[in-house]
Amino acid sequence: GIQVEQSPPDLILQEGANSTLRCNFSDSVNNLQWFHQNPWGQLINLFYIPSGTKQNGRLSATTVATERYSLLYISSSQTTDSGVYFCAVASYTGANSKLTFGKGITLSVRP
Amino acid sequence: GAVVSQHPSWVICKSGTSVKIECRSLDFQATTMFWYRQFPKQSLMLMATSNEGSKATYEQGVEKDKFLINHASLTLSTLTVTSAHPEDSSFYICSARVGVNNEQFFGPGTRLTVL
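Right, let's walk through the structure included here.

Considering the state of the cysteines
Applying the stated criterion across every chain, the model contains 2 disulfides over all chains. Bridging cysteine 23 of chain A to cysteine 87 of chain A, the disulfide has an S-S length of 2.0 Å. Judged by the sign of its S-S torsion, about -60 degrees, the cystine formed by cysteine 23 of chain A and cysteine 87 of chain A is left-handed. Of the two residues, cysteine 23 of chain A is situated in strand β3 (residues 19–25) and cysteine 87 of chain A in strand β9 (residues 83–90); the sequence distance between them amounts to 64 residues. Overall, cysteine 87 of chain A belongs to the buried group, its relative accessible area being 0%. Note on cysteine connectivity: cysteine 23 of chain B is disulfide-linked to cysteine 94 of chain B, with sulfurs 2.0 Å apart. Here cysteine 23 of chain B and cysteine 94 of chain B share a disulfide; its torsion about the S-S bond, 80 degrees, makes the bridge right-handed.

In structure tokens:
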């Protein structure tokens, strides 16, 4: 199956700093999603981005499908950005298409 | 975005009992729902894919007789953990997919503790 690697595994930032989170995948994909898991366990959808670039406020994401990686940018980080960030991909279409998750990146933003 | 709910949010039960977890898509119809399990400090692991009106497809290593999945309508899927044991204690999360290739939206999760 498809492999998903996220880096770095842990990240500590001072409030206000910028950061880049990376997701590499081993095969072509037709679905790529970034999630933020908050301290209560809820996965919050950040981006659905199998290709191209999107921005939402202080967050933006870019997926270069031909080179099999995606980047999540966080600017002017806030303490509420702390949590685990997951990248998940699906590599085929149809009713049985399913997401494979990376191991996640634990972000801690210090005040 | 689409909203997915789960009930209950947490449950404590005695070993040997069965527990049912509900997953609902509140503002859309979901032909496909997914059930995941997450252990502390780990990633999400897919347990099964649930298609409305048909039998669930289980991932390798997941016991279908222990984790019963029913997807009787386009807005409801249930996971029943039968004869639960302490090793079944985990965080169970469902998701629903909008369309065939489109994004998944996740429920808030159910924390199961088996004593």
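Section: a nonpolar patch on the surface
On the surface, a cluster of nonpolar side chains totalling about 380 Å² of accessible area is made up of Trp10, Ile12 and Leu115 of chain B. Tracing the backbone through its elements, the reader meets isoleucine 12 of chain B in strand β2 (residues 10–13).

Description of the nonpolar core
Val4, Trp35, Phe67, Leu79, Tyr92 and Leu112 of chain B are the most contacted members of the largest nonpolar core, which has 25 residues in total. Within the residue set of this core, elements represented by two or more residues are β2, β3 (19–25), β4 (32–38), β5 (44–51), β7 (67–73), β8 (76–81), β9 (90–97) and β11 (110–114) of chain B. Discounting residues that sit within four places of it in the chain, leucine 112 of chain B has contacts with Val11, Cys13, Val19, Val81, Asp88, Ser89, Ser90 and Tyr92 of chain B. Among the nonpolar cores identified, the runner-up in size contains 23 residues, and Val4, Cys23, Phe47 and Ile49 of chain A belong to it.

Thoughts on the pairing of β4 of chain B
Residue and element names in this part refer to chain B. Burial of β4 is extensive: 7 of the 7 residues sit out of reach of the surface. On β4, burial covers both faces: Thr32, Phe34, Tyr36 and Gln38 on one face and Met33, Trp35 and Arg37 on the other are all buried. Pairing analysis gives 7 bridges linking β4 to β5, with the strands arranged antiparallel. Across the sheet, the residue bridging to methionine 33 is serine 50, located in β5.

What about the environment of arginine 111 of chain B?
Along the chain, arginine 111 of chain B turns up in strand β11. Separated by 51 residues in the primary sequence, arginine 111 of chain B and glutamine 60 of chain B place their C-alpha atoms 23 Å from one another. The contact partners of arginine 111 of chain B, leaving out residues within four places of it in the chain, are Trp40 of chain A together with Ser9, Trp10, Val11, Ser90 and Phe91 of chain B.

Thoughts on the interface of chain A and chain B
Accessible area lost when the parts come together is the quantity often used to give the size of an interface. In this complex, chain A contributes 22 residues to the contact, which on the side of chain B involves 25 residues. Both sides of the chain A and chain B interface together cover about 1700 Å² of buried area, and 47% of this is carbon and sulfur. Taken as a group, Tyr48, Lys98 and Phe101 of chain A account for 25% of the area that chain A buries against chain B, more than any other trio of residues on that side. Here chain A is connected to chain B by 1 salt bridge. Across the pair glutamate 59 of chain B and lysine 98 of chain A runs a salt bridge, and its minimum N-O distance is 2.8 Å. Across the contact surface, chain A and chain B share 8 residue pairs in polar contact (both at pLDDT 80 or more). Partitioned by chemical class, the residues of the side of chain A that touches chain B number 8 nonpolar, 12 polar and 2 charged.

Overview of the pattern of salt bridges
Residue and element names in this part refer to chain B. Summed over all chains, the structure comprises 4 salt bridges over all chains. Arginine 24 is the partner of glutamate 22 in a salt bridge, and the nearest nitrogen-oxygen pair spans 3.5 Å. A residue is classified by how much of its surface remains accessible, and glutamate 22, at 25% relative accessible area, is partly exposed. In this structure, aspartate 88 and lysine 66 form a salt bridge, with 2.9 Å as the shortest nitrogen-oxygen distance. Taken together, the positions of aspartate 88 in the loop between β8 and β9 and lysine 66 in the loop between β6 (57–58) and β7 put the pair 22 residues apart, joining distant regions of the chain. For lysine 66, a relative accessible area of 12% translates into the label buried.

Parameters and conventions
Residues numbered from 1 in each chain as written. Chains lettered and ligands numbered in written order. Predicted model: local features only at pLDDT ≥ 70, side-chain atom pairs only at ≥ 80, totals over all residues. Heavy atoms only, no water. Disulfide = S-S within 2.5 Å. Helix = DSSP H or I, 4+ residues; strand = E, 2+ residues; numbered from the N terminus. Buried < 20%, exposed > 50% of the residue type's maximum accessible area, 1.4 Å probe, protein only. Patch = residues over 30% accessible without salt bridge, like charges linked within 9 Å, V, L, I, M, F, W, Y side chains within 5 Å. Areas by Shrake-Rupley, 256 points an atom, 1.4 Å probe, with all protein chains shown as cover. Salt bridge = Lys/Arg side-chain N within 4 Å of Asp/Glu carboxyl O. Core = buried A, V, L, I, M, F, W, Y, C linked by side-chain atoms within 4.5 Å. Contact = heavy atoms within 4.5 Å. Pairing = 2+ DSSP bridges. Buried area = accessible area lost by both parts, 1.4 Å probe. Polar contact = N/O pair within 3.5 Å; in protein donor to acceptor, adjacent residues only side chain to side chain. Nonpolar A, V, L, I, M, F, W, Y, C, P; charged D, E, K, R; others polar.

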